[in-house]
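Read off the chains here:
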Amino acid sequence: MLQWYKADLHVHTVLSPCAELTMGPVDIVKTALQHELDILAITDHNSAENTQAVVKAAENKKLFVIPGMEVYTREDAHSICLFPDLDAAGHFQNYIYEHLMPGEYDASMFGPQYVCDFQENIIEESKRMFALPVSLNIYKVASTVVDLNGIIYPAHIDRKSYSLLRSLGFIPDNLPFDALEIAQPFENVSKNHRFLLNTTKSIITASDAHDISMLGSKYTWFYIEKPDFEEIRKALKKQDGRKTSLELPEEMS
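Residues numbered from 1 in each chain as written. Predicted model: local features only at pLDDT ≥ 70, side-chain atom pairs only at ≥ 80, totals over all residues. Heavy atoms only, no water.

**Side note on unusual backbone geometry**
Then step 1. With a phi close to 55°, Asn46 is a non-glycine residue in the positive phi region.
Then step 2. With respect to the helices and strands, the residue Asn46 is situated in the loop between β2 (39-42) and α2 (51-57).
Then step 3. Under the relative-accessibility criterion, Asn46 is labelled buried at 0%.
Then step 4. Look at Asn149: it is not a glycine, yet its phi comes out positive at around 65°.
Then step 5. In this fold, Asn149 is placed in the loop between α5 (138-147) and β7 (151-154). (Helix = DSSP H or I, 4+ residues; strand = E, 2+ residues; numbered from the N terminus. Buried < 20%, exposed > 50% of the residue type's maximum accessible area, 1.4 Å probe, protein only.)

Structure, rendered in structure tokens:
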């Protein structure tokens, strides 16, 4: 039976250089449940090292956590990459790590990058260059995500920075995007980007939370059978009656 589930698919942890210390696994899960989220995606910048901690923190709770990453490509743009399991996310992370900018990260410039366990104990302060673009274009990143059975789509296309639409001036048709993420309300975004009124791609939004107060502030509704990666994929592709909505469906209001 299909029903509506509430999802925030763009959330950072203390590993992201611009995230606050409030973004530990325990507090992320607790806050997600307080906002009655059913689905959460962890999408740190150029890394997936804290995804396992959040997945474990959510065990035995009514919250489906998707391992993911927000990749910063050579186009000076961010894209959301989601994976069916931790193993696939780990393989993708290894690939991204091979293409990180060389050098040692200076925490005084952007803030610390903490790897932690599911109880929020700090394991390591990473010195990898997560804050800068990788030496890969969006085509190579997208191809690798697809090979790992993942999902990829451009992040916050309506922003002036780190937006694929802003960087290129258009969204390439030959990329495997089933969704476009926007940061502002659709009625505002569509005034400046009229193509969104006719696109066949799903339009979604998410909090892009770097602070715990942001988590769950923006979300997308998914009409699916259950919180499950393949169900989410079907909803983004608008298959078998699955779909997404930016507004609270009438039958739930």
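Let us keep going from here.
**Describing the environment of Asp117**
Then step 1. Secondary-structure assignment places Asp117 in the loop between β5 (114-116) and β6 (122-125).
Then step 2. Placed 59 residues apart in sequence, Asp117 and Ala58 show a C-alpha to C-alpha distance of 12 Å.
Then step 3. Polar contacts involving the side chain of Asp117 include one to the main-chain amide nitrogen of Asn121, which spans 2.8 Å. (Polar contact = N/O pair within 3.5 Å; in protein donor to acceptor, adjacent residues only side chain to side chain.)

**Thoughts on the pattern of salt bridges**
Then step 1. For the coordinates displayed, the defined rule picks out eight salt bridges.
Then step 2. One salt bridge connects Glu225 with Arg242, and the closest N-O pair in it is separated by 3.7 Å. Linking Glu225 in the loop between β10 (220-224) and α8 (229-237) with Arg242 in the loop between α8 and β11 (243-245), this pair joins segments that are 17 residues apart in sequence.
Then step 3. A relative accessible area of 39% means that Glu225 is categorised as partly exposed.
Then step 4. Here Arg242 falls in the buried class, since its relative accessible area comes to 11%.
Then step 5. Salt bridges here are not isolated pairs; linked through shared partners, they connect Glu225, Glu231 and Arg242. (Salt bridge = Lys/Arg side-chain N within 4 Å of Asp/Glu carboxyl O.)

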